[in-house]
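# Overview (structure and organization)
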Amino acid sequence: MSDVILPIVDLDVFLSNPESEASVNECKKAADALIAYGALLLHDSRVSEEDNSTFLDLIEDYFAQPEELLKKDERPELGYQVGVTLENTEKPKCAADEPCLKVIARLDPAERPLDITAHSPDPKCRFFWKMSEKPPYETRFPGLNAPNVVPQADDIRKRWTPVMEKWGTSMKTAVENLAEMAAVGLGLPRETFREAGRYGPHLLAPTASDLVKYGEKDTILAGFHTDLNFLTIHGRSRYPGLNIWARNTGKRIPVKFPPTGRYLLVQAGKQLEHLSGGLIKAGFHEVVVNEATLQAIERRKAENPDRPLIRISSTFFWHLSSDYDLAPLPELQQRARVLRADTINLGKFDLDEETVYEPMKVGQQVQNELRHIALMA
């Protein structure tokens, strides 16, 4: 396990003067971090910890409801792409995916994730709240662009939409600005990624793990996997347990936010990997109960004995538009080939093998990935 601290990118520098030398350097830092780690910490002084806390309280209250109430918010016929997904539904793709298992085998045994080869579906719940702009054309993927589900319980319903929209907007704004920074840092026009995702089916997607049922050390809450979207952004969780793997070293890195301050975690997803021709790889990660999780559970019990013991991840999935033609950008694909050749020639570690990125619509890529994780037939 590594004590590496992820690079911190300051969004404030970019927003204050996007054309300045300091801003250009910060954009390059963002791109380099995504290439090397598949992840970074983003400082954004617009983000409110109070909003995040209000959001976490709401989602804890929601998932503390009886299962029969939660089931009313399920939409399996839509691939669970809106509403709730209950525990033991979503399977970690890597449990049966040969390229992913090869990645695990390539890691030093001390750096491998907890064993998922016999892992059942994840013992986590999730809620998907769509935060997308309706496209001015008829999409070929209406199931990925379905209307939102609002929970029915009175005390939840009246708080739900304002809280979800407020926190979701904070994260969406931050990740769209980071997408602009990454484009600049990669030598592309600033709007390249943002415009490609303008009509994406973006999702505020909190996950919930019941730490009374699943609070034993080394429990896998979310098995080793990558995200299928373009960029994932997280607010601070009340319980540690997220590990990521750096592409350039293969080391497992426990994610640690600075103790105070307005920070968000950003991870690269499969759509960014595809569009960059593998220059940026989707970041592998897992969520487990570790020693730090157990310490946080004990603190929470002592300080907030009346609150549900549920680990909430404050997560937002930013997508490219479903009808966008997903194919590697030639200038990035060439850089990816050079980087891979240098890695091989110098005998350096690389997390996985060369991949062929077939051209397809983004919506098709999403549907393919959903079948892998058992959310779509």
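Please refer to the structure placed before this passage.
To keep things clear, this report deals only with the structure shown in the data block. (Residues numbered from 1 in each chain as written. Predicted model: local features only at pLDDT ≥ 70, side-chain atom pairs only at ≥ 80, totals over all residues. Heavy atoms only, no water.)

## Quick notes on the overall build of the chain
Of the regular secondary structure elements, the chain holds 11 helices and 16 strands. Across its three principal axes, the chain shows a C-alpha extent of roughly 55 × 50 × 45 Å. Classification of the 377 residues of the chain by burial places 58% in the buried group. Considering only intrachain contacts with a sequence separation of at least 6, the fraction spanning at least 24 residues in the chain is 84%. Summing over all exposed atoms, the chain offers an accessible surface of approximately 16100 Å²; the carbon and sulfur share of this is 51%. For the chain, the distance from the average position of its 46 positive side-chain charges to the average position of its 56 negative side-chain charges is 1 Å. (Helix = DSSP H or I, 4+ residues; strand = E, 2+ residues; numbered from the N terminus. Buried < 20%, exposed > 50% of the residue type's maximum accessible area, 1.4 Å probe, protein only. Contact = heavy atoms within 4.5 Å. Areas by Shrake-Rupley, 256 points an atom, 1.4 Å probe, with all protein chains shown as cover. Lys, Arg positive; Asp, Glu negative; His and termini not counted. Charge placed at Lys NZ, Arg CZ, Asp CG, Glu CD.)

## What about the environment of Leu42?
Relative to the assigned elements, Leu42 resides in strand 2 (residues 39-43). For Leu42, a relative accessible area of 0% translates into the label buried. Sequence separation between Leu42 and Leu264 is 222 residues; the distance between their C-alpha atoms is 5.0 Å. With residues near it in sequence (within four places) discarded, Leu42 still touches Val9, Leu11, Ala174, Leu178, Ile233, Arg262, Tyr263, Leu264 and Val266.

## Concerning the packing of aromatic side chains
According to the stated counting rule, one finds 12 aromatic pairs in the structure shown. Seen from their ring centres, Phe128 and Phe317 are 6.1 Å apart, and the 85° between their planes marks the pair as edge-to-face. Taken together, the residues Phe128 in strand 4 (residues 125-130) and Phe317 in strand 14 (residues 315-318) connect sequence positions 189 residues apart. For the pair Phe230 and Trp318, a centre-to-centre distance of 5.6 Å together with 65° between the ring planes defines the contact as edge-to-face. In this pair, Phe230 is assigned in the loop between strand 7 (220-225) and strand 8 (231-234) and Trp318 in strand 14, connecting sequence segments 88 residues apart. (Phe/Tyr/Trp six-rings, centres within 6.5 Å; stacked < 30°, edge-to-face > 60°.)

## Some points on unusual backbone geometry
Phi is positive for Asp218, close to 70°, though the residue is something other than glycine. Examined against the element boundaries, Asp218 turns out to sit in the loop between strand 6 (207-210) and strand 7.

## Details of the sheet that holds strand 12 (residues 285-288)
Overall, antiparallel pairing links the four strands, which are arranged 7-12-9-10 in an open sheet. Two strands lie at the open edges of the sheet, namely strand 7 and strand 10 (252-254), each paired on one side alone. With strand direction ignored, the average angle separating the axes of adjacent strands in the sheet is 20°. Where strand 7 meets strand 12, three bridges bridge the pair, whose relative direction is antiparallel. (Pairing = 2+ DSSP bridges. Axes fitted to C-alpha atoms, helices over the stretch in contact; angles between N-to-C directions.)

## Considering the nonpolar core
Core analysis: the biggest nonpolar cluster contains 71 residues, and Phe63 and Phe193 have the highest contact counts within it. In terms of residues, this core owes the most to one element, helix 6 (residues 154-185), which gives 13 residues. Excluding anything up to four places from it in sequence, Phe63 contacts Leu70, Val84, Cys125, Arg126, Phe127, Ala208 and Ile310. Residues Leu6, Leu242, Phe257 and Leu265 belong to the second largest nonpolar core, which totals 21 residues. (Core = buried A, V, L, I, M, F, W, Y, C linked by side-chain atoms within 4.5 Å.)

## Points about the environment of Arg307
Here Arg307 is to be found in the loop between helix 9 (291-303) and strand 13 (310-313). Distance from Arg307 to Val175, taken between C-alpha atoms, is 30 Å for residues 132 residues apart in sequence. With sequence-adjacent residues up to four places away left out, Arg307 is seen in contact with Asp57, Glu60, Asp61 and Arg300. Here the side chain of Arg307 touches Asp57 through a polar contact of 3.1 Å, landing on its backbone oxygen. Within polar-contact distance, the side chain of Arg307 engages the side chain of Glu60 at 2.9 Å. (Polar contact = N/O pair within 3.5 Å; in protein donor to acceptor, adjacent residues only side chain to side chain.)

## Details of the pattern of salt bridges
Scanning all chains against the criterion turns up 24 salt bridges. In this structure, the salt-bridge partner of Asp61 is Arg307, at a minimum N-O distance of 2.9 Å. One end of the pair, Asp61, is in helix 3 (residues 49-63); the other, Arg307, is in the loop between helix 9 and strand 13, with 246 residues separating them in the sequence. Measuring nitrogen to oxygen at the nearest pair gives 3.4 Å for the salt bridge that ties Glu133 to Arg198. Placement of Glu133 in the loop between strand 4 and helix 6 and of Arg198 in the loop between helix 7 (192-196) and strand 5 (203-204) is noted, with a sequence separation of 65 residues between them. One salt-bridge network, held together by shared partners, links Asp57, Glu60, Asp61, Arg159, Arg238, Arg300 and Arg307. (Salt bridge = Lys/Arg side-chain N within 4 Å of Asp/Glu carboxyl O.)

## Overview of the pairing of strand 8
Along strand 8, one buried face is formed by Leu231 and Ile233 and the opposite face, lined by Thr232 and His234, is buried too. Bridge count for strand 8 against strand 11 (residues 263-268) is four bridges, and the pairing is antiparallel. Across the sheet, residue His234 finds its bridge partner in strand 11, namely Leu265. Sheet topology places strand 8 next to strand 14; four bridges connect them, and they run antiparallel. Bridged to Ile233 within strand 14 is Phe316.

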